[in-house]
Number of protein chains: 2
Amino acid sequence: MTAPAPPSDLKLDDFLCFAVYSASHAFNRLYKPLLDELGLTYPQYLVMVTLWERDDRTVGEIGERLFLESNTLTPLLKRMEAAGLVSRSRDPADERQVRLRLTDEGRALLDKARQVPPCVLEATNLSSEEARSLTDQIGALRTALSR
Amino acid sequence: MTAPAPPSDLKLDDFLCFAVYSASHAFNRLYKPLLDELGLTYPQYLVMVTLWERDDRTVGEIGERLFLESNTLTPLLKRMEAAGLVSRSRDPADERQVRLRLTDEGRALLDKARQVPPCVLEATNLSSEEARSLTDQIGALRTALSR
DNA sequence: TGCGATTGGATCGTGCGCGATTATTTTAAG
DNA sequence: CTTAAAATAATCGCGCACGATCCAATCGCA
């Protein structure tokens, strides 16, 4: 005679999705105080990174880079515009598109922002190589899930 | 003479946090249609998993398991109560605590829910061993970040 | 027994993130 | 040249997720 069956064979700790979900929240909680210094939320920080990489992008381009839709980005970008970090203006050549450009203030923020990633890497307790490997594995996972 | 310096040395694709963040969204988008069948959102599904593992928990216990605060859980649990999946009642022995119990309907949902994880594993394009390894790595990451 | 400190949960305000819908512009077809 | 179809972004509504705050119940300790 065996032990009584467990009430459920779904084990939360086996869920890859839950590991990712809870790690994402943990990152957010870690970033919050660091980004408060810059006056940015986490998604806003990601938008800034894309614009620091290359300025003058449309809403659609930013969304493609961050895997976000315009209904998410539009209000977020308006808040960033109100904060004086970016400018939003219709492309004269195609008035459907809104182009985002860094303001001087937005460009200047890069200097302070450089301090953030080393800070975060330290908190992960991973070497650069381990972080690289994990980033690549999870990137591949995202690609697989998005099919 | 070297090539002109790039406008930014912050590369989005190097960010472990962004990999996790975007993978979390990708999971959500994958789960959405599957959980719609069960009438659950993703965080609600996680609550159900914790209750299927062990029934009759307080709000605080569920929050500890899922790394969520009461201000997130309270309205979520009220919606689940309204949907007839759980009951909420004050613990007579300590009236500060609210105990969550599965209804018959909530317990019955487990059968349909069992179909979800295999479906998701397939979408990850990972073997069980690879998924296990990645889950553990990311779990360790979450632990490190939460210090 | 009494009372300050702690605990557990609820409430409020802000900011994502998405599905669905709408409006406008551009492009394509006849 | 006119009309249909597609692309792009904005708008609206809902559900998390969190920090800050509040309140009631309980506990600690004299």
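Residues numbered from 1 in each chain as written. Chains lettered and ligands numbered in written order. Predicted model: local features only at pLDDT ≥ 70, side-chain atom pairs only at ≥ 80, totals over all residues. Heavy atoms only, no water.

Draft legend 1. Layout of the domain arrangement of chain A. All names here are of chain A. Per the domain assignment, the segments making up chain A are domain 1 (28–113) and domain 2 (115–147). Listed by partner, the interface residues are nine residues for domain 1 and seven residues for domain 2. Roughly 650 Å² is buried in total at the junction of domain 1 and domain 2, and carbon and sulfur atoms are behind 72% of that figure. When the area that domain 1 buries against domain 2 is broken down by residue, the three leading residues are Leu30, Leu34 and Phe67, summing to 49%. The interface formed by domain 1 and domain 2 holds zero salt bridges in total. Inspection of the domain 1/domain 2 interface yields three residue pairs in polar contact (both at pLDDT 80 or more). Those elements that place two or more of their residues in the side of domain 1 that touches domain 2 are α1 (16–36) and α5 (104–113). (Domains from an automatic or database assignment. Contact = heavy atoms within 4.5 Å. Buried area = accessible area lost by both parts, 1.4 Å probe. Salt bridge = Lys/Arg side-chain N within 4 Å of Asp/Glu carboxyl O. Polar contact = N/O pair within 3.5 Å; in protein donor to acceptor, adjacent residues only side chain to side chain. Helix = DSSP H or I, 4+ residues; strand = E, 2+ residues; numbered from the N terminus.)

Draft legend 2. Quick look at the relation of the copies chain A and chain B. With an axial shift of 0.0 Å and an RMSD of 0.1 Å, the rotation relating chain A to chain B amounts to 180°. Read as a symmetry element, the transformation amounts to a two-fold axis. Scanning chain A for the C-alpha nearest the rotation axis identifies Val20 of chain A, at a separation of 3.1 Å. Same-surface contact between copies: 100% of interface residues of chain A are shared with the interface of chain B. (Least-squares fit on C-alpha atoms with pLDDT ≥ 70 in both.)

Draft legend 3. Structural view of the packing of aromatic side chains. Residues and elements named next belong to chain A. Inspection of every chain in the model, using the stated rule, returns 16 aromatic pairs over all chains. Between Tyr42 and Tyr45, the ring centres sit 6.4 Å apart and the planes meet at 40°, which makes this aromatic pair tilted. Placement of both Tyr42 and Tyr45 in helix α2 (residues 42–53) is noted, with a separation of three residues, approximately one turn of the helix. Residue Tyr42 is classed as buried on the basis of its relative accessible area of 6%. (Phe/Tyr/Trp six-rings, centres within 6.5 Å; stacked < 30°, edge-to-face > 60°. Buried < 20%, exposed > 50% of the residue type's maximum accessible area, 1.4 Å probe, protein only.)

Draft legend 4. Region of interest: the interface of chain A and chain B. Facing the 56 residues of chain A at the interface are 56 residues of chain B. Taking both partners together, chain A and chain B bury about 5400 Å²; carbon and sulfur atoms supply 68% of that area. The largest share of the area that chain A buries against chain B comes from Leu10, Tyr21 and Leu145 of chain A, three residues that together contribute 13% of it. At the junction of chain A with chain B, the criterion picks out four salt bridges. For the salt bridge of Arg65 of chain A with Asp13 of chain B, the shortest nitrogen-to-oxygen distance reads 3.5 Å. Applying the counting criterion to the chain A and chain B interface returns 15 residue pairs in polar contact (both at pLDDT 80 or more).

Draft legend 5. Structural view of the protein's contact with DNA strand D. DNA strand D sits among 26 residues. The nearest are Tyr21, Arg29, Thr74, Lys78 and Arg96 of chain A. Close to the protein, within 4 Å, the atoms of DNA strand D belong to sugar or phosphate groups at a rate of 75%. The side chain of Arg88 of chain A places a nitrogen or oxygen atom 3.0 Å from a phosphate oxygen of DNA strand D. Backbone polar atom of Glu95 of chain B to a phosphate oxygen of DNA strand D: 3.2 Å apart, as the coordinates give it. Of all the secondary-structure elements, those providing two or more residues to the surface near DNA strand D are α1, α3 (59–66), α4 (70–82), β2 (86–91) and β3 (94–102) of chain A together with α2 (42–53), α4 (70–82) and β3 (94–102) of chain B. Of the residues in the surface near DNA strand D, the class split is six nonpolar, 11 polar and nine charged. (Near = heavy atom within 4 Å. Nonpolar A, V, L, I, M, F, W, Y, C, P; charged D, E, K, R; others polar.)

Draft legend 6. Inspection of the side chain of Glu53 of chain B at higher detail. Its location among the elements puts Glu53 of chain B in helix α2. Looking at Glu53 of chain B, its side chain comes within polar contact range of the side chain of Arg65 of chain B, at 3.3 Å.

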